[in-house]
Amino acid sequence: MTSGATGLPPAAFGASLDEVRAFYDAHTDLFVEFAGATIQGGLVQHPQTGREIPAWSNRHLADRAGIRPMDRVLDAGCGVCGPALDIAAALPDVRIDGVTISPRQADIARDRVADAGQQDRVRVHVADYHAVPFADDSFDFVYSYAVFQHIPDRDVVFGYFQEARRVLKEGGIARFQNE
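In this text the structure is predicted, and so the values were computed from the model without any measurement.

Counting secondary structure elements, the protein contains 5 helices and 5 strands. Taken across its 179 residues, the protein has 46% of its residues classed as buried. By sequence separation, contacts in the protein at least 24 residues apart represent 67% of the contacts at least 6 residues apart.

Written out as structure tokens, the structure is:
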């Protein structure tokens, strides 16, 4: 279900939410097998090795973004919780709610969270990140890595930002990386 020779999910070219869900339900196992639990582009190279080390990159991006211990964080487009688990391991008492539209990703993520013993700090929800199932002013921090290729039109992007703002507490921070 990729578009042309790019290998990108179909939503990069205007596909529906159902097509994006079907793409990730069908391909996530392969992504995890060959690329690991951090399913995103834009990893930061480690300064000493020059290599992209996902766990280090996730912690570095969280630190650079300003996620702090005790924060309640929304990971909008969490995949299989690679970044969420790395951040939870690095920051005491951070609580992360991850949202994915893919039931397959959510199943894998929940297994990974349980294996890491982080069920009390990382929760996974199947939902569209344009309409998340959380109350207004719920989060100190909202982040997403590599999700904008799934949002084909600017009105929908605007809705995504509105939703992030809705769930952020006063003074909360949103960070979006799409590389």
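Let's shift gears to the packing of aromatic side chains. Enumeration over the complete set of coordinates arrives at 4 aromatic pairs. Measuring from centroid to centroid gives 5.0 Å for Phe134 and Phe139, while their planes differ by 90 degrees, and the two rings are edge-to-face. The buried category is assigned to Phe139, whose relative accessible area is 0%. Through a chain of ring-to-ring contacts, three or more aromatic side chains come together here, namely Phe23, Tyr24 and Phe31. One Lys or Arg, Arg72, reaches over the ring of Phe139 and ends 4.3 Å from the middle of that ring.

As a further point, take helix α3 (residues 82–90). For α3, the tally of buried residues reaches 7 of 9 residues, placing the bulk of the element in the interior. Looking at α3, one finds that the buried residues are Gly82, Pro83, Ala84, Leu85, Asp86, Ile87 and Ala88. As for α3, its buried residues are in contact with α2 (54–65), β1 (72–76), β2 (95–100), α4 (103–115), β3 (122–126) and β4 (139–145).

The next thing to look at is unusual backbone geometry. Both trends apply: most residues other than glycine have a negative phi, and most peptide bonds are in trans. If you check the backbone angles, Cys81 has positive phi at about 70 degrees while not being a glycine. As for its placement among the helices and strands, Cys81 is situated in the loop between β1 and α3. Here Asp137, not a glycine, exhibits a phi torsion of approximately 60 degrees, which is positive. In this structure, Asp137 sits in the loop between β3 and β4.

What follows covers empty space enclosed by the protein. Inspection of every chain in the model, using the stated rule, returns 1 cavity of 30 Å³ or more. Approximately 40 Å³ is the volume found for the largest cavity. What lines the largest cavity is Leu74, Ala76, Tyr129, Val132, Val142, Tyr160, Glu163 and Ala164. Those elements that provide at least two residues to the lining of the largest cavity are β1 and α5 (154–167). In terms of residue count, α5 provides more of the lining of the largest cavity than any other element does, 3 residues in total.

For the rest of this paragraph, the subject is helix α1 (residues 17–35). Taking 1.5 Å of rise per residue, the 19 residues of α1 would be expected to cover 27 Å, yet its terminal C-alpha atoms sit only 24 Å apart, more than 12% below that figure. Of all the bends in α1, the greatest, near 50 degrees, is centred on His27. Considered for burial, the residues of α1 that qualify are Val20, Phe23, Tyr24 and Thr28. Structurally, α1 contributes buried residues whose contacts are with α4. After α1 finishes, the residue Gly36 shows a positive phi value of roughly 95 degrees.

Burial analysis of β2 places 5 of its 6 residues in the buried class, which makes it a mostly covered element. For β1 and β2, the ladder comprises 5 bridges, and the chain directions are parallel. Its bridge partner lying in β2, Ala76 is registered against Val99. Following the chain from β1 across α3 to the adjacent parallel β2, one finds a crossover that is right-handed. As paired elements, β2 and β3 share 5 bridges and run parallel to each other. Note on β3: the bridge partner recorded for Gly98 is Val124.

What counts, and at which threshold
- Residues numbered from 1 in each chain as written.
- Predicted model: local features only at pLDDT ≥ 70, side-chain atom pairs only at ≥ 80, totals over all residues.
- Heavy atoms only, no water.
- Helix = DSSP H or I, 4+ residues; strand = E, 2+ residues; numbered from the N terminus.
- Buried < 20%, exposed > 50% of the residue type's maximum accessible area, 1.4 Å probe, protein only.
- Contact = heavy atoms within 4.5 Å.
- Phe/Tyr/Trp six-rings, centres within 6.5 Å; stacked < 30°, edge-to-face > 60°.
- Lys NZ or Arg CZ within 6 Å of the ring centre and 35° of its normal.
- 1 Å grid on protein atoms, 1.4 Å probe; cavity = no way out; pocket = protein on both sides within 12 Å on 5 of 7 lines; lining within 4 Å.
- Points joined across faces, edges and corners; volume = space filled by probe spheres on them.
- Expected span 1.5 Å × (residues − 1).
- Bend = angle between axes of the 7 residues up to and from the residue.
- Pairing = 2+ DSSP bridges.
- Right-handed = clockwise from strand over helix to strand, strands pointing away.

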